[in-house]
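Observations on the model geometry
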Amino acid sequence: MALVERFLKYVSFDTQSSEETEVTPSTPGQMVFAKYLKEELESLGLEDITLDEHGYLFATLPANIDKPVPTIGFIAHMDTSPDMSGKDVSPRIVQNYDGSDIVLCAEENVVLSPSQFPELLDHKGEDLIVTNGKTLLGADDKAGIAEIVSAIVYLKEHPEIKHGKIRIGFNPDEEIGLGAHKFDVEKFGCDWAYTMDGGEVGELEFENFNAASAKITFKGRNVHPGYAKNKMVNSIRVANRFCAMLPAHETPEHTEGYEGFYHLISFNGDVEQTTVAYIIRDHDRARFESRKKKIERFISEINAEYGEGTATLELRDQYYNMREKIEPVMHIIDTAFAAMEAVGVKPNVKPIRGGTDGAQLSFKGLPCPNIFAGGLNFHGRYEFAPIQNMEKAMKVIVKIAELVAIK
């Protein structure tokens, strides 16, 4: 099975994760996909294949070299984002893209246009896998899975390429920040690993956001509006008051690079009760802690004004910036850098304006920077994946395995 065929098969599985279920994997479709992958890895003749009850799938490609070589891993996640449906994904391939608008869904007037997504023009002449405008594509991170499996197949078919022991790991629930929580680093047994979970060709990332989530519940008091003076407390208005207290321009749509933000991701309620949810992000640990304290201070101010218990806060750290864990082992970045250059890819070292499983794994003792998987516009109907990007990512995996064995 070729890389593209493999990817198109993978995106047919509905693996959208959920923050509501509190089980791992968070949705049954992820385990269905994991079992399919397990059977595929078995058919390819890999060894030490394990799939645990939480949906973590590990396998080994044995070394084909006698000398001691570090054991390295390649990791990707099986779930797709809860932001948009991943059910009944119906991709198509736009061959030799000419730089014009791509109509994804004529009946709903969904158009992938370079006027809105100028990065399209970087891929003129390439073959783009796009959606039908009704779902996301799932290249985040099924492109990564397809690239890893295809690279392993290539190494098996080309024994002249010498390599050490290689471990591959596919996990659930990365999109809800839980992908590494039950990842057994000791069982995985690697000196270091790479997540194949980045975007554009050349991306090489070992810095990411520090991340937290905040859920705030506002209690109100509902009475007849005609007789509400000095009695009613409208929780919707209180919630709006709180939202207005946060810096107006420290949001995703106003920030870039190393700039952090508060991101309002949901707002639901009525007069009696309103719940809002934020995610908090910053690369700098001190600023990250300051952001959390600011939210706590504003909650206190709301309660001082409207009465204790009006606002309750659930604040939870999700992951931290992996840079502090990668810097002592920068040779693993050097190896990835050299592998990219060797296959004609210009490395682009940049901070992740998000997180990966690699961030949490790095803090669990497995240094794990992130490499591009090649998809773009993740988490929505405008997602697309240039086939040439995916092919380059696969070649980088093969070259990393080769370079580690040479050193």
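What counts and how
- Residues numbered from 1 in each chain as written.
- Predicted model: local features only at pLDDT ≥ 70, side-chain atom pairs only at ≥ 80, totals over all residues.
- Heavy atoms only, no water.
- UniProt positions renumbered as here; feature names shortened; annotations may be inferred.
- Domains from an automatic or database assignment.
- Buried area = accessible area lost by both parts, 1.4 Å probe.
- Salt bridge = Lys/Arg side-chain N within 4 Å of Asp/Glu carboxyl O.
- Nonpolar A, V, L, I, M, F, W, Y, C, P; charged D, E, K, R; others polar.
- Pairing = 2+ DSSP bridges.
- Helix = DSSP H or I, 4+ residues; strand = E, 2+ residues; numbered from the N terminus.
- Axes fitted to C-alpha atoms, helices over the stretch in contact; angles between N-to-C directions.
- Buried < 20%, exposed > 50% of the residue type's maximum accessible area, 1.4 Å probe, protein only.
- Arc of directions from axis to C-beta.
- Contact = heavy atoms within 4.5 Å.
- Polar contact = N/O pair within 3.5 Å; in protein donor to acceptor, adjacent residues only side chain to side chain.

Under an unreviewed UniProt entry, the name given to the protein chain is Peptidase T, and the source organism is Bacteroides intestinalis. As its UniProt record puts it under Catalytic activity (unreviewed entry), the protein chain is described as follows: "Release of the N-terminal residue from a tripeptide."

1. Comments concerning the domain arrangement of the protein chain
Size of an interface, as often reported, equals the accessible area lost when the parts are brought together. When the domains of the protein chain are assigned, the result is domain 1 (3–207 + 322–406) and domain 2 (210–319). For domain 1 versus domain 2, the distance between C-alpha centres works out to 34 Å. Among the residues of domain 1 in contact with domain 2, Glu-207, Pro-351 and Arg-353 are the three that bury the most area, contributing 52% of the side total. Where domain 1 meets domain 2, there are zero salt bridges. The residue inventory of the side of domain 1 that touches domain 2, partitioned by class, reads three nonpolar, four polar and three charged.

2. Describing the sheet that holds strand β4 (residues 92–94)
If you walk across this open sheet you meet the three strands as β4-β7-β17, and the pairing is antiparallel. In this open sheet, the two edge strands, each paired with only one partner strand, are β4 and β17 (384–386). If you compare each strand with its neighbour and ignore which way they point, the axes differ by 30 degrees on average. Alignment of strand β7 (residues 128–130) against β17, held across three bridges, turns out to be antiparallel. From the neighbouring strand, Val-130 faces β17, where its bridge partner is Phe-384.

3. Observations concerning the sheet that holds strand β3 (residues 72–77)
Taken in spatial order, the eight strands line up as β1-β2-β8-β3-β9-β16-β10-β15 in an open sheet, and their pairing is mixed. For this open sheet the edge positions go to β1 (47–51) and β15 (348–349), each flanked by a neighbour on one side alone. Summarising the sheet, strand β10 (residues 203–205) and strand β16 (residues 370–372) pair through two bridges and their orientation is antiparallel. The residue bridging Glu-205 from the neighbouring strand is Asn-370, located in β16.

4. Some thoughts on helix α5 (residues 235–245)
Each α-helix turn comprises 3.6 residues. Residues three or four places apart therefore point the same way. By the burial criterion, the buried members of α5 are Ser-235, Val-238, Ala-239, Phe-242 and Cys-243. When α5 is viewed along its axis, its buried side chains cluster within an angular range of 140 degrees and face the same direction. The exposed residues of α5 that point more than 90 degrees off its buried face are Arg-237 and Ala-244. Looking at the buried residues of α5, the elements they touch are β11 (210–219), β12 (261–269), β13 (273–282) and α6 (285–306). The opening residue of α5, the one whose side-chain oxygen lies 3.0 Å from the backbone nitrogen of Ile-236, is Asn-234.

5. Some details on the pairing of β11
Of all the 10 residues making up β11, eight are buried; the element is thus mostly covered by neighbouring parts of the structure. Pairing geometry for β11 and β13, over 10 bridges, is antiparallel. Looking at the pairing, Thr-217 lines up with Thr-275 of β13.

6. Points about the UniProt feature "binding site: Zn(2+) 2" (unreviewed entry) in the protein chain
When the UniProt feature table is mapped onto this chain, "binding site: Zn(2+) 2" (unreviewed entry) is found at Asp-140, Glu-175 and His-379. These annotated residues cover 240 residues of sequence, but their C-alpha atoms sit close together, with the largest distance between any two at 9.7 Å. If you trace the backbone, Glu-175 turns up in the loop between β8 (166–171) and α4 (185–188). The buried category is assigned to Glu-175, whose relative accessible area is 18%. Apart from residues lying up to four places away in sequence, Glu-175 is in contact with Ser-17, His-77, Asp-79, Thr-80, Ser-81, Pro-82, Asp-140 and His-379. Tracing the backbone through its elements, the reader meets His-379 in the loop between β16 and β17. Look at His-379 and you get partly exposed, because its relative accessible area is 28%. Not counting the four nearest positions on each side in its chain, His-379 is found in contact with Ser-81, Asp-83, Met-84, Leu-136, Asp-140 and Glu-175. Within the structure, the side chain of His-379 is placed 3.1 Å from the side chain of Asp-140, a separation counted as a polar contact.

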